[in-house]
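Single-letter residue listing:
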Amino acid sequence: MKKTCCNKFKHLLEGESSFGLNIRVIKSSNSFINESKKRGFSFQKKDSKYNFILTEGYNGKLDNQGQSTFINFCPFCGINLKKFYKNDIYINEDNHIW
C-alpha cells in the first residue's frame, strides 16, 4: 500500500481519472526540463522532478481535458507534495513529454 499524506489526497490520487476531481502525478523527463530551461524556466538541482496536477475528469490525455492546475501543496492537509512524494510508485500519468 502506498503511503499518502492524507486520506482525501489518496482518494483523488487513486481515483478514476475519467470523472470527478483527481490528482495526476507526473515525472518530468530530462528532455522536458532541458526544454523548459531553454524557454526561461529555472530548475534548481534540488527541485523535484515530480509535478502534481489537480484536474477535472478527463480521458487520459492532459492536453484534451477540462480545467486543471499545478499544485505544490496538498489542498486538504497542506503538506509540501514535492517533499513528501519522492518515489516513482506515485506516478499515475505518463502519456506526454513529462
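Residues numbered from 1 in each chain as written. Predicted model: local features only at pLDDT ≥ 70, side-chain atom pairs only at ≥ 80, totals over all residues. Heavy atoms only, no water.

**Q** I would appreciate a short explanation of the nonpolar core in the present structure.
**A** It is characteristic of soluble globular proteins that their nonpolar side chains tend to be buried jointly. Membership of the largest hydrophobic core comes to 14 residues, with the highest contact counts inside it found for Phe9, Val25, Phe52, Leu81 and Tyr85. Of all the secondary-structure elements, those providing two or more residues to this core are helix 1 (7–14), strand 1 (22–27) and strand 2 (50–55). Per-element tally for this core: the top contributor is helix 1, with three residues. If we skip the residues at most four places from it in the chain, Phe9 touches Ile23, Phe52, Cys74, Pro75, Phe76, Leu81 and Tyr85. (Core = buried A, V, L, I, M, F, W, Y, C linked by side-chain atoms within 4.5 Å. Buried < 20%, exposed > 50% of the residue type's maximum accessible area, 1.4 Å probe, protein only. Helix = DSSP H or I, 4+ residues; strand = E, 2+ residues; numbered from the N terminus. Contact = heavy atoms within 4.5 Å.)

**Q** I'm lost on the side chain of Thr55 in this one. Help?
**A** Tracing the backbone through its elements, the reader meets Thr55 in strand 2. The buried category is assigned to Thr55, whose relative accessible area is 1%. Of note is the side chain of Thr55, whose polar atom sits 2.6 Å from the side chain of Asn22. (Polar contact = N/O pair within 3.5 Å; in protein donor to acceptor, adjacent residues only side chain to side chain.)

**Q** Explain the pattern of salt bridges here, please?
**A** Pairs can form between side chains of opposite charge once their charged atoms are near each other. Scanning the model with the defined rule gives one salt bridge in all. Notably, a salt bridge pairs Lys27 with Asp88, separated by 3.2 Å at the nearest N-O pair. Of the two residues, Lys27 is situated in strand 1 and Asp88 in the segment after helix 3 (81–84); the sequence distance between them amounts to 61 residues. In this structure Asp88 comes out as partly exposed when scored by relative accessible area, which is 40%. (Salt bridge = Lys/Arg side-chain N within 4 Å of Asp/Glu carboxyl O.)

**Q** So what exactly am I meant to see when it comes to the side chain of Thr4 here?
**A** Structurally, Thr4 can be placed in the segment before helix 1. Assessed through its relative accessible area of 13%, Thr4 is described here as buried. Among the polar contacts made by the side chain of Thr4, one reaches the main-chain carbonyl oxygen of Cys6 at a distance of 3.3 Å. With residues near it in sequence (within four places) discarded, Thr4 still touches Lys10, Leu13, Phe84 and Tyr85.

**Q** Honestly, the sheet that holds strand 1 in this entry has me stumped. Any pointers?
**A** Through backbone hydrogen bonds, the strands of a sheet pair up, either in parallel or in antiparallel fashion. Taken in spatial order, the three strands of this open sheet run 1-2-3, and their pairing is antiparallel. Strands at the two margins of the open sheet, each flanked by one partner only, are strand 1 and strand 3 (68–71). When the angles between neighbouring strand axes are averaged without regard to direction, this sheet yields 30°. Pairing between strand 1 and strand 2: six bridges, direction antiparallel. Looking at strand 2, one finds that Ile23 is bridged to Leu54. (Pairing = 2+ DSSP bridges. Axes fitted to C-alpha atoms, helices over the stretch in contact; angles between N-to-C directions.)

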